[in-house]
Amino acid sequence: MKGLFAKELAILTTSLKRNVLFVALFYGFISVASRLPYMAYALAFVFTLICLSTISFDENSHWDTYVRTMPVTPAQIIGCKYLCTLGGLVLGMLAATGIIAIINLVCTVWVFDPGAISFPADVAATLLVCGGMVLLFAALLLPLSYKFNSVNARSWLFLLIAGIVGLGGLLIAILPDNTDEASALLMLAALFAVMLLVYGISYRVCVRIYEKKEY
């Protein structure tokens, strides 16, 4: 299992490290320069998508044909991919939190702009919403990628994004206006937990797909 994680890390550090660094710096610079945190929150999606892109590397190198000769199970192979994708989400959320902290520091010390300061409750709520949407996106895209290959799955990409964004907007619209801060955070945390459950179910579905697929 350690070898599977080492292989994923090798792909990300050798083939994608420049892209990851550029994206993080670019999004961070725009967020700080404009004093708007929206680009920072997008890193949760971007880092997850970068981890998902390793499926294309597997297909191009015929990795799945080779790994079937190794003493690892389909559950371990797919589990590694799901855990790495989840790690990308966590890394993106941490990067977003760090960038927002820098924005708050700039708005407090350098360019006094109290209206651009993000309060901890607002940051937590937004991260929960973004994290839940990204989990749902990954939960849908991963099985599609292994069922139809990553190239064909990309045709679903924009449809998935549009549907998930629409779902997020619907949830915000139906959220009562008089909901207090603590109740709203609790509801969003519960929604995030549900998305984690969906992500776990997606893993089981993806393992079944992988077991039946011929390489």
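For every chain, the first residue of its written sequence is number 1, and the numbers climb from 1 along that sequence. Local features in this predicted model are restricted to residues of pLDDT 70 or higher, and side-chain atom pairs are both shown and tallied only at a pLDDT of 80 or more, whereas totals for entire chains, interfaces and linings draw on every residue. Side-chain descriptors were evaluated using all non-hydrogen atoms of the structure, hydrogens and water having been removed beforehand.

Draft legend 1. Representation of the overall build of the chain in the model. Elements are defined by DSSP. Helices are runs of H or I of four residues or more, strands are runs of E of two residues or more, and each kind is numbered from the N terminus. From N to C terminus, the chain includes eleven helices and zero strands. Starting at the N terminus and ending at the C terminus, the chain contains elements arranged as α-α-α-α-α-α-α-α-α-α-α. In terms of overall size, the chain behaves like a compact globule, its C-alpha atoms giving a radius of gyration of 19 Å where 215 residues would be expected to give roughly 17 Å. Projecting the C-alpha coordinates of the chain onto the three principal axes gives extents of approximately 60 × 40 × 30 Å. Every one of the 215 residues in the chain was classed for burial, and the buried ones make up 40%. We call two residues in contact whenever any of their non-hydrogen atoms come within 4.5 Å of each other. A separation of at least 24 residues holds for 83% of the contacts in the chain among residues at least 6 apart in sequence. Method for areas: the Shrake-Rupley scheme with a 1.4 Å probe, in which residue coverage is limited to the protein chains shown. A total accessible area of about 12100 Å² is found for the chain, and carbon and sulfur atoms account for 73% of it. Based on C-alpha atoms, the radius of gyration is set beside the globule rule, defined as 2.2 Å times the residue count to the power 0.38. Categorising residues by exposure relies on relative accessible area from a 1.4 Å probe, with only protein chains included: less than 20% of the type maximum marks a residue as buried, more than 50% marks it as exposed, and the intermediate range marks it as partly exposed.

Draft legend 2. Up close: the packing of helix α4 (residues 43–52) against helix α7 (residues 74–110). For helices, the fitted line uses only the C-alpha atoms of the stretch in contact; every axis is such a line through C-alpha atoms, and the angle between N-to-C directions lies from 0 to 180 degrees. The geometry of α4 relative to α7 is characterised by a closest axis approach of 7 Å and an angle of 150° between their N-to-C directions. One finds that α4 runs roughly antiparallel with respect to α7. Judged by the twist between their axes, the crossing of α4 over α7 is right-handed. Across the interface between the two elements, Leu43, Ala44, Phe47, Thr48, Cys51 and Leu52 of α4 pack against Cys84, Thr85, Gly88, Leu89, Leu91, Gly92, Met93, Ala95, Ala96 and Ile99 of α7. Under the scheme applied, nonpolar residues are Ala, Val, Leu, Ile, Met, Phe, Trp, Tyr, Cys and Pro; charged residues are Asp, Glu, Lys and Arg; polar residues are all the others, including Gly. Residue classes in the contact of α4 with α7 are distributed as twelve nonpolar, four polar and no charged. Should an angle fall under 35 degrees it is called roughly parallel, over 145 degrees roughly antiparallel, and 65 to 115 degrees roughly perpendicular, with every other angle called oblique. Note on convention: the crossing is left-handed when the near helix lies turned anticlockwise from the far helix by less than a right angle, right-handed when the turn is clockwise.

Draft legend 3. The arrangement of the side chain of Lys7 in detail. Relative to the helices and strands, Lys7 is located in helix α1 (residues 2–14). Here Lys7 is in contact with Asp58, Trp63 and Lys81, once residues within four sequence places are set aside.

Draft legend 4. Geometry of the packing of helix α8 (residues 120–148) against helix α11 (residues 181–212). It is the contact of α8 with α11, at a shortest axis distance of 9 Å, that shows an interaxial angle of 15°. Taken together, α8 and α11 sit at an angle that is classed as roughly parallel. The interaxial crossing formed by α8 with α11 has left-handed handedness. Partitioning the contact of α8 with α11 into residue classes produces 23 nonpolar, three polar and two charged.

Draft legend 5. View of α4. Among the ten residues of α4, eight are classified as buried, and the element is accordingly described as predominantly covered. Buried within α4 we find Leu43, Ala44, Val46, Phe47, Thr48, Ile50, Cys51 and Leu52.

Draft legend 6. Here's a closer look at a nonpolar patch on the surface. A cluster of nonpolar side chains, contributed by Met1, Phe5 and Leu83, occupies part of the molecular surface with about 250 Å² of accessible area. With respect to the secondary-structure elements, Leu83 resides in helix α7. Leu83 sits in the partly exposed class, given a relative accessible area of 48%. In this scheme, patches are assembled from residues that exceed 30% relative accessible area and form no salt bridge. Like charges are connected within 9 Å, while nonpolar side chains (Val, Leu, Ile, Met, Phe, Trp, Tyr) are connected within 5 Å. Criterion for a salt bridge: a side-chain nitrogen of Lys or Arg within 4 Å of a carboxyl oxygen of Asp or Glu.

Draft legend 7. Expanded view of the side chain of Thr85. Looking at where Thr85 falls in the secondary structure, it is placed in helix α7. Here Thr85 falls in the buried class, since its relative accessible area comes to 2%. In contact with Thr85, other than residues within four places in its own chain, are Thr48, Cys51, Leu52, Ala138, Leu142 and Tyr199.

Draft legend 8. Region of the structure containing the packing of aromatic side chains. Aromatic rings from Phe, Tyr and Trp, taking only the six-membered ring of Trp, are treated as a pair when their centres fall within 6.5 Å; an angle between ring planes under 30 degrees marks them as stacked, one over 60 as edge-to-face, and anything in between as tilted. Per the stated rule, a full pass over the model turns up seven aromatic pairs. Here Tyr146 and Tyr210 contribute two aromatic rings whose centre-to-centre distance is 5.7 Å and whose plane-to-plane angle is 85°, an arrangement assigned as edge-to-face. Remark: Tyr210 occurs in helix α11 and Tyr146 occurs in helix α8; sequence separation between them is 64 residues. The exposure class of Tyr210 is buried, given its relative accessible area of 0%. Joined through ring pairs, the aromatic side chains of Phe22, Phe26 and Tyr27 make up one cluster.

Draft legend 9. Quick peek at the pattern of salt bridges. Tallied over the full model, the rule gives four salt bridges. Its salt-bridge partner being Lys7, residue Asp58 comes within 2.5 Å of it at the nearest N-O pair. Of the two residues, Asp58 sits in helix α5 (residues 54–60) while Lys7 sits in helix α1, which places them 51 residues apart along the sequence. Given the relative accessible area of 15%, Lys7 is considered buried. A salt bridge links Lys81 to Glu8, with the nearest nitrogen and oxygen atoms 2.8 Å apart. Taken as a pair, Lys81 in helix α7 and Glu8 in helix α1 lie far apart in primary sequence, 73 residues in all. For the residue pair Lys81 and Glu8, the accessibility class agrees, reading buried in each case.

Everything listed is a geometric property; what it means functionally is a separate question.
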